[in-house]
Amino acid sequence: MKTKLRQSSAVLLSWLVLSVFSLASAYNHRPKLVVIVVIDQFRGDYLERYHDEFGANGFRLFIDKGAFFTDCYYDYANTETAPGHATLLTGAYSNGHGILVNEWWDTQQKRMVTSVEDRATTVVGAGSGAGSSPHNLMASTLGDELKLATQGRSRVFGIALKDRAAVLPAGWSGDGAYWIDKSTGAWVTSTYYRKELPAWVAEFNRSRPEKYWNREWKDADGKTLATTTQKPGADFYTTVGSTSFGNEYELEFARELVSNEHLGSGPTTDLLVVSLSPNDLLGHAVGPDAPEMHAMALDLDRQLGDFFRVLGQQVGTQNLWLALSADHGVAPVPEAAQKIRIPATRIPSEQELKSSLNSALATKLGQPGDYVNALGGSIVFLSAEAFSGLHLTEAQAEEAAGEALMGLSETQPGTRGYFTKVQLKRGEVPATEWGKKYLHSYSPVGGWWVIGVPPPFATGGKRGTGHGMPYTYDTHVPLAFYGSVFKPGYYRTHAETVDLAATLASLLGINAPSSAVGRVLTEAVATSNAAVPVKTHPAAKERGR
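First, a word on what this report is: a plain description of the structure on this page. (Residues numbered from 1 in each chain as written. Predicted model: local features only at pLDDT ≥ 70, side-chain atom pairs only at ≥ 80, totals over all residues. Heavy atoms only, no water.)

So, about the packing of helix H4 (residues 81-90) against helix H7 (residues 163-170). Relative orientation of the contacting elements H4 and H7 amounts to 25 degrees, with a least axis distance of 8 Å. Judged on the interaxial angle alone, H7 and H4 are roughly parallel. The way H4 lies across H7 gives a crossing that is right-handed. For the pair formed by H4 and H7, the contact residues are Thr81, Ala82, His85, Ala86 and Leu89 on the first element and Arg164, Ala165, Leu168 and Pro169 on the second. Counted by class, the contact of H4 with H7 contains six nonpolar, two polar and one charged residues. (Axes fitted to C-alpha atoms, helices over the stretch in contact; angles between N-to-C directions. Helix = DSSP H or I, 4+ residues; strand = E, 2+ residues; numbered from the N terminus. Parallel < 35°, antiparallel > 145°, perpendicular 65-115°, else oblique. Left-handed = near helix turned anticlockwise from the far one by under 90°. Contact = heavy atoms within 4.5 Å. Nonpolar A, V, L, I, M, F, W, Y, C, P; charged D, E, K, R; others polar.)

Here it is as structure tokens:
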């Protein structure tokens, strides 16, 4: 009888313990720190392509010991850096978060503006001029919801070499977003976040950038791939940023941020988003299949392994959740694709295309005019004034521009179709997967515009390659998680990038971002592991938020 009583008591106690620890959430500092790594222009097939060459603690931490979703895609057409980062952290596409492309036409200023440019702020840390902020975001981020849930006690930071890749992930309420001054490599922010740099950032800027100049980047066989010679006119962003030293520099700054801002030591969960920009800078120049890209992937694997090891030492591996993804993929270099009979082509320059469109519209409308303001990716931004002078409505103007775009097939790769802004705003698209992809690309910004549907493997520029297309080579990216709450395995089920924010929000016990449409990836949640207790970090009592 006593034995049965003891067994019953033990079962009850186990159930109570499980129940208590299953309630672990951001509210009670479980986990201590969530780190999301976004690799700029890191295509979805890279992790499997180089799997056997990776070490045990970098990418394979996700692939072999984490939850790795191999079939993850963006379900929109505007595959650029700004909308990609916004999508990952808002759990919404452009029709939810409002970030259309990296740059769009501003109808008030009559010029192209960046997605985060904010003339109400100024740069802090180097130079002068307009700063950057998330004022164009139309939806909350994972970090915003974390701050709301904990009454501001959680801390949220974003870092990248690019301002848009740091600002948009940090959201409206981020404690800080840092990017670099392109000339010197010094880390900067804007007055949206603070009036002056923290002392630790200023100290970092005084000594660290210099050690990345005048170095040789070599592959595993000792072959020199590039040098970072500090010659007249050379800027840090291009010279260092397009080598593996750029990733090393970012991760060094990330380690300093975790340490100096005491992330993971407070009463609630903290969030850090690290966007690694060098892969994109190099990828545009050499393409996805170049030896340099291979070398950068292997170097980054080692660098991430070191970074994760340090994080584990600082906050405890059991207290850390990691997530990995990318903002977009990349097309093959057209000339390389053509060698294996892929019908890849190069799109004329922006100036050539603008001139051709203006001529085509002049013929169609019977009057010359500057009908095209600018181009951004596959989007043609139109002059409302030029069309209004002919008494055309927005819908009529965009329709005319779309037809003109279709008619240029003799002088450029034939456009397969187009969608107007008015059409997308009204939801008047075919009830197909393709129609949905473009509906997800809508945003109210940019004035009047029309978006073309280019043929596959069409790339702009005279050399190198690009992205920004609706095809799988640009939409396929990695999605992976690591931490005690995730069930390790390869998951071939379909996933989308909007699922990252939805999944983390659910596991943290907070609201999903305001416009999130992603699903919670329940197949990868190890509910039994959610009961692992987390010890309180001694520094939590000292930090005094």
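So, about the side chain of serine 383. Locating serine 383 in the fold gives a position in the loop between strand E17 (379-382) and helix H15 (384-388). Residue serine 383 is classed as buried on the basis of its relative accessible area of 8%. A distance of 3.1 Å separates a polar atom in the side chain of serine 383 from the backbone nitrogen of alanine 386. If we skip the residues at most four places from it in the chain, serine 383 touches Asp370, Tyr371 and Asn373. (Buried < 20%, exposed > 50% of the residue type's maximum accessible area, 1.4 Å probe, protein only. Polar contact = N/O pair within 3.5 Å; in protein donor to acceptor, adjacent residues only side chain to side chain.)

Taking every second residue as pointing to the same face, both faces of strand E10 (residues 187-190) are buried, with Trp187 and Thr189 on one and Val188 and Ser190 on the other. Strand direction decides the pairing type here: strand E6 (residues 117-124) and E10, joined by two bridges, are antiparallel. Of the residues in E10, the one forming a bridge with valine 124 is threonine 189. Bridge count between strand E9 (residues 176-180) and E10: two bridges; the pairing is antiparallel. Bridging from a neighbouring strand, isoleucine 180 pairs with tryptophan 187 of E10. In this structure, the hairpin formed by E9 and E10 is closed by a connection of six residues, where glycine 185 is found at a positive phi of approximately 85 degrees. (Pairing = 2+ DSSP bridges.)

A separate point is the sheet that holds strand E14 (residues 320-326). If you trace the eleven strands from one edge of the open sheet to the other, you get E7-E6-E10-E9-E8-E13-E1-E14-E21-E2-E22, paired in mixed fashion. Two strands lie at the open edges of the sheet, namely strand E7 (130-132) and strand E22 (489-491), each paired on one side alone. Ignoring which end each strand starts from, the neighbouring axes of this sheet average 25 degrees apart.

Time to look at helix H20 (residues 499-508). Most of H20 is tucked away: nine of the ten residues are buried. Tucked inside the fold, the buried residues of H20 contact strand E1 (33-39), H4, helix H6 (142-149), E14, strand E21 (479-482) and strand E23 (495-496). In the stretch just after H20, glycine 509 is the one whose phi turns positive, near 75 degrees.

As a further point, take the environment of tryptophan 105. Looking at the element boundaries, tryptophan 105 is found in strand E4 (residues 103-106). For tryptophan 105, a relative accessible area of 13% gives the class buried. C-alpha of tryptophan 105 to C-alpha of alanine 226: the two residues are 121 residues apart in sequence and 36 Å apart in space. Residue contacts for tryptophan 105: discarding those within four places in its chain leaves Lys110, Arg111, Met112, Asn373, Ala374, Phe381, Gly446 and Gly447.

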